[in-house]
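For reference, the chains in residue letters:
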Amino acid sequence: MNQLKRNTIQLYASVLFLIAAIAPSLPPFKYLLASSMVIHMLIQIPALVLAGYWLTAQNKPLNSALSLSLSCWLWILLASTFWMLPISLDKALISSNWDIFKIITLVLSGMLLKLAFAGPKVLSLFFAGSSLMMLFSVGHFYQDSESRLCNSYLLATQQTTGLGLMLLAAALLLFALYKLRHDIFEPSQNSQIND
Amino acid sequence: MGVLLFWGFFFSLITSDLSNFTLESERKSQLFSSKPSITLQLIDANGQNLLLADLAKQQNKILVTEFIYTRCKTLCLTLGDYFQQAQTHIKAQSLQQKIHLLSISFDVAADNPTRLNRYQSRMKMDDQVWSIATMASDADLAMSKRQLGLVVLADSANEFVHNSAFLVISPQGKLLGIYDDDDIQGALSLAASESLKL
């Protein structure tokens, strides 16, 4: 009973969070998205993924098959690459079709995260590693670039966003290391389970 | 597999088959293929009201234009430098009768003939080779944004942040080509080769 109550609260909370994440794309709040690249890339995009993740978080992790988890990882990697391109950010601001596409693909990425992590640990390590590496290099590129890459944003917010992306990548790397500490530092215990 | 196909499709859609990763490069390649006719109402440094196409016809030369505002202390200075070099280059190659440089201001509210004159003398413009005009109204600015993909954002310090390009325009007012702001040579060589066809 208590568990059920908690699940309901969690569901409502994650729906509210999802609405909050979508809000900057809606007319009265659209200026937020247009005013700063930081809000677009470092707040809305991660919030959409997180909202998707929380929507599925109350379900028990599935014992995912290799191919399913591989597909999930591919989706997450490609979706995050896509929304790191300067042209994608510009188009999402200009056209509402691309903005809707952004919301759907990113929320779905968040929803697939749990399934992706349920697969073999080696896949998780590989894909999380390469995504974070990419996040870091894109951040460095944005921070270092002398020219404006997005037509809609000023150079200063582009550089701040770049720095933020690098910090985010570093923070996520530490978090991933913490989460996977048993698999990385005490491999003998876990390899038996996996076998 | 489906995931790869799905994202492959959308990647190639948004980057026009992996050729444009920024909106600015998409803008330039689209304009290069569509080559629109430009109808802009301008006010020149003498306060005269005229159409861009009329100016091009009057000169009967290939126009090389850039969009600036005269107060600008950053990007426009570089653009101005390039035009100064181009002016020297045009005189040295005696192309005065074939190529004309035109700076167009998008600062409709502030740039009036007095300011244009001041800019003219500051940049040491030779009016046989290089002239300046401002857009006549906000409607012209809106038109340039829509038709030419000009981006002008006001920033917090009452300055403008804008994109930049060199546009090559025929005497009929038709766009012939558009070049990055570090490729004045490309614009001048297109203008030179087009001027042979006049």
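Remember, predicted model here, so these are calculated numbers, not experimental data.

Topic: the overall build of chain A
Turning to step 1, where the next piece is worked out: Each helix and strand in chain A was counted, giving 10 helices and 0 strands.
Turning to step 2, where the next piece is worked out: Across the 195 residues of chain A, 32% fall into the buried class.
Turning to step 3, where the next piece is worked out: Pairs at least 24 residues apart make up 76% of the contacts formed inside chain A by residues separated by at least 6 positions.

Describing the interface of chain B and chain A
Turning to step 1, where the next piece is worked out: Every contact between the two is made by 18 residues of chain B and, on the other side, 14 residues of chain A.
Turning to step 2, where the next piece is worked out: Taken together, the elements giving at least two residues each to the side of chain B that touches chain A come down to helix H1 (2–14) and helix H2 (23–34) of chain B.
Turning to step 3, where the next piece is worked out: The dominant element in the side of chain B that touches chain A, judged by the number of residues it contributes, is H1(B), at 6 residues.
Turning to step 4, where the next piece is worked out: Grouping the amino acids of the side of chain B that touches chain A by side-chain chemistry returns 11 nonpolar, 4 polar and 3 charged.

Topic: the packing of helix H4 (residues 66–82) of chain A against helix H6 (residues 96–117) of chain A
Residue and element names in this part refer to chain A.
Turning to step 1, where the next piece is worked out: Contact pair H4 / H6: the axes reach a minimum separation of 9 Å and the direction vectors enclose 145 degrees. The two elements H4 and H6 meet at a crossing, and its hand is left-handed. Together, Leu68, Ser69, Cys72, Trp73, Trp75, Ile76, Ala79 and Ser80 of H4 and Thr105, Leu106, Ser109, Leu112, Leu113, Leu115 and Ala116 of H6 make up the contact between the two elements.

Digging into the packing of H4(A) against helix H7 (residues 121–144) of chain A
Residues and elements named next belong to chain A.
Turning to step 1, where the next piece is worked out: The N-to-C vectors of H4 and H7 enclose an angle of 0 degrees; their axes lie 11 Å apart at closest approach. Taken together, H4 and H7 sit at an angle that is classed as roughly parallel. Packed against H4, whose contacting residues are Ser69, Leu70, Trp73, Leu77, Ser80 and Thr81, the element H7 presents Leu123, Phe127, Ser130, Ser131 and Met134 at the interface.
Turning to step 2, where the next piece is worked out: A class-by-class count of the residues in the contact of H4 with H7 yields 6 nonpolar, 5 polar and no charged.

Let's talk about the sheet that holds strand S5 (residues 130–135) of chain B
Residues and elements named next belong to chain B.
Turning to step 1, where the next piece is worked out: Read across the open sheet, the 7 strands follow the order S2-S1-S5-S4-S3-S8-S9; overall the sheet is mixed. With one partner strand each, in any of the chains shown, strand S2 (49–51) and strand S9 (175–179) form the two edges of the open sheet. Across the sheet, the axes of successive neighbouring strands diverge by a mean angle of 35 degrees, strand direction being ignored.
Turning to step 2, where the next piece is worked out: Together, strand S1 (41–44), S2, strand S3 (62–68), strand S4 (99–105) and strand S8 (166–169) form the strand contacts of helix H3 (residues 52–59), whose direction differs from that of S2 by roughly 85 degrees.

Points about H1(B)
All names here are of chain B.
Turning to step 1, where the next piece is worked out: If you check H1, its first and last C-alpha atoms are 18 Å apart, about what 13 residues at 1.5 Å a residue would give, namely 18 Å.
Turning to step 2, where the next piece is worked out: Counting buried residues along H1, only 1 of its 13 residues qualify, which leaves the element largely exposed.
Turning to step 3, where the next piece is worked out: Just downstream of H1, Ser16 is the residue with a positive phi angle, here 40 degrees.

Topic: H7(A)
Turning to step 1, where the next piece is worked out: With 24 residues, H7(A) ought to run about 34 Å at 1.5 Å a step, and its terminal C-alpha atoms sit 34 Å apart, in line with that.
Turning to step 2, where the next piece is worked out: Every buried residue belonging to H7(A) is among Phe127(A), Ala128(A), Leu135(A), Val138(A), Gly139(A) and Tyr142(A), and all of these are buried.

A short note on the nonpolar core
Turning to step 1, where the next piece is worked out: By size, the foremost hydrophobic cluster in this structure holds 47 residues, and its most contacted members are Leu42(B), Val64(B), Ala86(B) and Ala187(B).
Turning to step 2, where the next piece is worked out: Those residues within four positions of Val64(B) in sequence are excluded, and the remaining contacts are Ala86(B), Ile99(B), Leu101(B), Phe166(B), Val168(B), Ala187(B), Leu188(B) and Ala191(B).
Turning to step 3, where the next piece is worked out: One finds Met41(A), Ile45(A), Trp83(A) and Phe127(A) within the second-largest nonpolar core, a separate group that totals 36 residues.

Thoughts on unusual backbone geometry
All names here are of chain B.
Turning to step 1, where the next piece is worked out: Positive phi, close to 55 degrees, is recorded for Asp17, a residue that is not glycine.
Turning to step 2, where the next piece is worked out: Counting through the fold element by element, Asp17 comes out in the loop between H1 and H2.
Turning to step 3, where the next piece is worked out: Judged by C-beta crowding, with 8 C-beta atoms within 10 Å, Asp17 ranks as exposed.
Turning to step 4, where the next piece is worked out: A positive phi angle is found at Ser94, which is not glycine, with a value near 40 degrees.
Turning to step 5, where the next piece is worked out: By the secondary structure assignment, Ser94 is in the loop between helix H4 (75–92) and S4.

So, the pairing of S8(B)
Here is the key point about a regular strand: its side chains alternate between the two faces of the sheet.
Residue and element names in this part refer to chain B.
Turning to step 1, where the next piece is worked out: Burial of S8 is two-sided: the residues Phe166 and Val168 facing one way and the residues Leu167 and Ile169 facing the other way are all buried.
Turning to step 2, where the next piece is worked out: Pairing geometry for S3 and S8, over 3 bridges, is antiparallel. When the bridges of S8 are listed, Val64 appears paired with Val168.
Turning to step 3, where the next piece is worked out: Sheet analysis places S8 next to S9, joined by 4 bridges and oriented antiparallel. Opposite Leu167, over in S9, you have Ile178 as the bridge partner.
Turning to step 4, where the next piece is worked out: The loop that links S8 with its antiparallel partner S9 comprises 5 residues; one of these, Gly173, has a positive phi angle of about 80 degrees.

Conventions used here
Residues numbered from 1 in each chain as written. Chains lettered and ligands numbered in written order. Predicted model: local features only at pLDDT ≥ 70, side-chain atom pairs only at ≥ 80, totals over all residues. Helix = DSSP H or I, 4+ residues; strand = E, 2+ residues; numbered from the N terminus. Buried ≥ 20, exposed ≤ 12 C-beta atoms within 10 Å, placed from the backbone. Contact = placed C-beta atoms within 7 Å. Nonpolar A, V, L, I, M, F, W, Y, C, P; charged D, E, K, R; others polar. Axes fitted to C-alpha atoms, helices over the stretch in contact; angles between N-to-C directions. Left-handed = near helix turned anticlockwise from the far one by under 90°. Parallel < 35°, antiparallel > 145°, perpendicular 65-115°, else oblique. Pairing = 2+ DSSP bridges. Expected span 1.5 Å × (residues − 1). Core = buried A, V, L, I, M, F, W, Y, C linked by C-beta atoms within 7 Å.

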